[in-house]
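Structural description and commentary
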Amino acid sequence: MPETKSMTLDEIYNLAFSKLMEAGADKHNASILSNILRNAERDGSHSHGLFRLPAYLTGLKSGKIKGSARASITEVTPSFIRVDGGHGLAPTAHNVAIPALVDATKQTGVAIAAIHRCFHMAALWPEVEAIAENGLAAIACTNYMPAVAPAGASKAFFGTNPIAFAWPRPDKTPIVYDMATAAMALGDVQVAARDGKKVPLGTGLDNQGKPTTEPSAIVKGGVLLPFGGYKGSGLSMMVELLTAGLTGETFSDETKARDNADGGPPIGGQFLLAMSPEIIAIDDWQTHCDSFFERISGLPGQGVRLPGERRHKNRLSSAPRRINIDLLEKIASF
Ligand code: NDP
């Protein structure tokens, strides 16, 4: 087992905040991002908590990421907002995009936000969950840099291209499904490599194009595979088209060509769609959906768990979290 240190959620926030400020972020940006990182550790999203901080610090220090960025919004039509991240970190753009998207959706029933010129959306659940907490259904996706070979190829071309979906449940936590279209998120493969664990066959290929269970062989010169063969590959292509074709940002392969290779996250596009069941559904959508979830949960078998439940259970504990010592040393070295 890797060595860990116990840290309270406040200590996690404070560590992220102080390192981000030292690396050149202003208070506004540092506090938004520290909140996201703390909440990821709180929910047990380990590949998108403090694990991501070194890359953000690298990007801030190299000047690629603007630590004083303020995102700006253009309401192109009543149901479409364009968000310019101003070369800042993605959560700063989401901070203004989500309230504007929620307002637009409550007026029109359906609205999208196309976000460009910002860095790394991290995990997608914070954004779709925030939209669902306003009584709306949401879909989000983002691309990255080439890490996944499309079905039939042995060379990386797609990002790990996550898709998230959230469904509102008044008086309950939303249903949140948030997954990479890669067989495994790159962050999780990196964490497995760091912790000396194997990954399932089908996760990726080594540098000879051979299937491997060694995460380090995938991370160093190998390639990830999409989940479910051509089906995941098709969804990954959809993500590329929504986040780059539609928003005007770069496709994952173009992003790599444009990146300064400092090790920090690349610039990219994000797509957010929100829908109002209150406006769209006929009859009592809440009762209808509640009974649907009850029927799923009551099915025979080992027990169905609703997506999002694991994180929401973790969230109830205010106990300190265990943070990897090597990671803390790496963060301290910045
Ligand atoms: P997982 O495979 O761990 O989980 C995918 C979804 O399935 C989650 O919503 C999870 O809910 C749910 N789930 C897991 N197990 C079960 C189960 N037994 N029954 C029902 N539901 C279940 O996620 P990934 O590894 O694919 O992705 C991890 C994170 O990485 C995501 O947050 C994603 O957004 C992020 N990511 C970000 C990228 C980027 O470029 N920004 C790229 C790729 C991934 P629960 O959370 O409750 O476990």
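Data block above holds the structure.
Description of the structure in this document. These numbers were taken from a predicted model, which means no experiment stands behind them.

Let us look at the nonpolar core. If you look at the biggest cluster of nonpolar residues, it comprises 30 residues, and the most contacted ones within it are Val83, Leu101, Ile115, Val128, Ile131 and Leu272. Going through the elements one at a time, strand E3 (80–89), helix H4 (90–108), strand E4 (110–119), helix H5 (125–132), strand E5 (137–142), strand E6 (163–167) and strand E11 (267–275) are the ones with two or more residues in this core. The element best represented in this core is H4, accounting for 8 residues. Within the second largest apolar cluster, 27 residues are counted, among which are Leu15, Ala23, Leu57 and Val191.

Our focus in this paragraph is empty space enclosed by the protein. It is a probe the size of a water molecule, rolled over the atoms, that shows where empty space is left. The tally for this structure, following the rule as stated, stands at 1 cavity of 30 Å³ or more. As a volume, the largest cavity reaches approximately 50 Å³. For the lining of the largest cavity, the element with the highest residue contribution is E11, accounting for 3 residues. Its residues assigned to classes, the lining of the largest cavity shows 4 nonpolar, 5 polar and no charged.

Here we come to the site of the ligand. Around the ligand, the structure places 23 residues, and the nearest of them are Ala122, Asp178, Ala180, Arg305 and Arg310. At 3.1 Å, a backbone N or O of Leu124 approaches an oxygen atom of the ligand. Interatomic distance of 3.4 Å between a backbone N/O atom of Val176 and an oxygen atom of the ligand. Protein coverage of the free-state accessible area of the ligand, which is 920 Å², stands at 74%. A molecule is said to occupy a pocket when more than half its atoms come within 2 Å of that pocket's grid points, and by this definition the ligand occupies the second largest pocket. Of all the secondary-structure elements, those providing two or more residues to the shell around the ligand are strand E7 (175–179) and helix H12 (309–315).

What counts as what
Residues numbered from 1 in each chain as written. Predicted model: local features only at pLDDT ≥ 70, side-chain atom pairs only at ≥ 80, totals over all residues. Heavy atoms only, no water. Core = buried A, V, L, I, M, F, W, Y, C linked by side-chain atoms within 4.5 Å. Buried < 20%, exposed > 50% of the residue type's maximum accessible area, 1.4 Å probe, protein only. Helix = DSSP H or I, 4+ residues; strand = E, 2+ residues; numbered from the N terminus. 1 Å grid on protein atoms, 1.4 Å probe; cavity = no way out; pocket = protein on both sides within 12 Å on 5 of 7 lines; lining within 4 Å. Points joined across faces, edges and corners; volume = space filled by probe spheres on them. Nonpolar A, V, L, I, M, F, W, Y, C, P; charged D, E, K, R; others polar. Near = heavy atom within 4 Å. Polar contact = N/O pair within 3.5 Å; in protein donor to acceptor, adjacent residues only side chain to side chain. Areas by Shrake-Rupley, 256 points an atom, 1.4 Å probe, with all protein chains shown as cover. Sits in = over half its atoms within 2 Å of the grid points.

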